[in-house]
Each structure stands twice: as structure tokens, then as C-alpha cells.
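Remarks on the overall topology
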Amino acid sequence: MEGDRPNIVKKFVNGTNNYMILTKNFISFVSRKEAKEMLLDKEFTNEFVNEIASILINPQILNQNITTIDTYPAIELTIKGEYEKFGNKIGMIMKFWIIFYEDKLVFLQGGGIDNAEFKALEKLYNLITNSVIFPEQYN
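In this text, all values refer to a predicted model and were calculated from it rather than measured experimentally. (Residues numbered from 1 in each chain as written. Predicted model: local features only at pLDDT ≥ 70, side-chain atom pairs only at ≥ 80, totals over all residues. Heavy atoms only, no water.)

Counting its secondary structure elements, the chain contains 3 helices and 5 strands. Mapped in sequence order, the helices and strands of the chain form the string β-β-α-α-β-β-β-α. The C-alpha radius of gyration of the chain comes to 15 Å, within 12% of the 14 Å expected for a compact globule of 139 residues. Taken along the three principal axes of its C-alpha coordinates, the chain extends 45 × 35 × 25 Å. The buried share of the chain, reckoned over its 139 residues, is 37%. (Helix = DSSP H or I, 4+ residues; strand = E, 2+ residues; numbered from the N terminus. Rg over C-alpha atoms; globule rule 2.2 N^0.38 Å. Buried < 20%, exposed > 50% of the residue type's maximum accessible area, 1.4 Å probe, protein only.)

If you want it as C-alpha cells, here you go:
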């Protein structure tokens, strides 16, 4: 599907689970080398991860790694917690890859209700993310 909110490029929906591609402006342009150096700074990375996790109530960080997506530095993050909508709280689990791409952050994120369906779809989220390329770097 086309994104239905600002910054959402594409959205794949399967029942209560989804995988989205989002972009956001970063504070400034950073080269791949500068981004790698930033991500080696544990204070920066932990602060950044905690900000992302704050979208959920009582977030638990299940996994946090520094990785690379098609030569670009990224944070891989899995969190679970509760999401509140119209006074109802729903247990959620989300997996993010946040790619530091020049003056943008590219978010690849899969998520849904915290149940066995997410575990089954997590492999698909990994495959989709592994297929991402940034073609202009190959010119």
C-alpha cells in the first residue's frame, strides 16, 4: 500500500502485522564513516534507541545491534511493550532497522501484536530488509 501518513513510503499489511518503510530528516548530512563513528558511541546509540522505544508504554529492548544495510550503517532494534489507542492498551512487538543515509534516516520496521504470528513473520521482515539496496552508490 501507499503510505497513509507523512514520511511513510510503503506499507505492507497482513492482519494485525505490518512492515513499513519510512524516511525522516536527520539533523545534518553524515557520511557512512561519520555514521559508523556515531554508532560506536554507546551514549549516542543508547539515547537514540531509548527515544525510539519511547513510542511504546513500558518498553523492553529485546535486541539492539549495530549492523550494515547495503553498505550503510544501521541500528537493528527489537522492542516490545504496550501501545495505547482510544484508551485500550495492546501488547506490541516491533523490529526496526534505522539506516543512517546521508541527511536522512530510513526506517524499515515490522511489527504487530505480541504473539506467535509476529515470530513467524519476523523471518519475512529479515528477508525484506536483506533485499534493500541503494542503487545510486553503484553508479
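Before going further, it helps to spend a moment on the nonpolar core. In this structure, Ile 75, Phe 96, Ile 98 and Phe 100 are the most contacted members of the largest nonpolar core, which totals 22 residues. Mapped by element, the contributors of at least two residues to this core are strand 2 (17–30), helix 1 (32–40), helix 2 (42–53), strand 4 (72–85) and strand 5 (88–113). Ranked by the residues each element gives to this core, the list is headed by strand 5, at 7 residues. Within the second largest apolar cluster, 15 residues are counted, among which are Ile 99, Phe 118, Leu 121 and Tyr 125. (Core = buried A, V, L, I, M, F, W, Y, C linked by side-chain atoms within 4.5 Å.)

Here the focus is the pattern of salt bridges. Inspection of every chain in the model, using the stated rule, returns 2 salt bridges. Across the pair Glu 76 and Lys 95 runs a salt bridge, and its minimum N-O distance is 3.3 Å. Of this pair, Glu 76 sits in strand 4 while Lys 95 is found in strand 5, placing the two residues 19 residues apart along the sequence. In this structure, Glu 76 and Lys 95 share a single accessibility class: buried. Between Lys 95 and Glu 122 there is a salt bridge whose closest N-O contact spans 3.3 Å. Separated by 27 residues along the polypeptide, Lys 95 in strand 5 and Glu 122 in helix 3 (residues 116–130) bring together distant segments of the chain. Residue classification places Lys 95 among the buried positions, given a relative accessible area of 5%. (Salt bridge = Lys/Arg side-chain N within 4 Å of Asp/Glu carboxyl O.)

Tracing the backbone shows Asn 17 in strand 2. Take Asn 17: its relative accessible area is 2%, and that puts it in the buried class. Side-chain polar atoms of Asn 17 contact the side chain of Glu 117, separated by 3.2 Å. Leaving out residues up to four positions away in the same chain, Asn 17 has contacts with Phe 12, Gly 111, Gly 112, Ile 113, Glu 117, Phe 118, Leu 121 and Tyr 125. (Polar contact = N/O pair within 3.5 Å; in protein donor to acceptor, adjacent residues only side chain to side chain. Contact = heavy atoms within 4.5 Å.)

Sheet analysis places strand 1 (residues 8–14) next to strand 2, joined by 6 bridges and oriented antiparallel. Within the sheet, the bridge partner assigned to Lys 11 lies in strand 2 and is Met 20. What sits between the antiparallel neighbours strand 1 and strand 2 is a turn of 2 residues, in which Gly 15 has the positive phi angle 65°. In terms of strand pairing, strand 2 meets strand 5 through 9 bridges, oriented antiparallel. Opposite Asn 18, over in strand 5, you have Gly 111 as the bridge partner. (Pairing = 2+ DSSP bridges.)

Residues Asp 41, Glu 43, Glu 47 and Glu 51 make up a contiguous surface patch of negative charge. The residue Glu 43 is located in helix 2 in this model. (Patch = residues over 30% accessible without salt bridge, like charges linked within 9 Å, V, L, I, M, F, W, Y side chains within 5 Å. Areas by Shrake-Rupley, 256 points an atom, 1.4 Å probe, with all protein chains shown as cover. Lys, Arg positive; Asp, Glu negative; His and termini not counted. Charge placed at Lys NZ, Arg CZ, Asp CG, Glu CD.)

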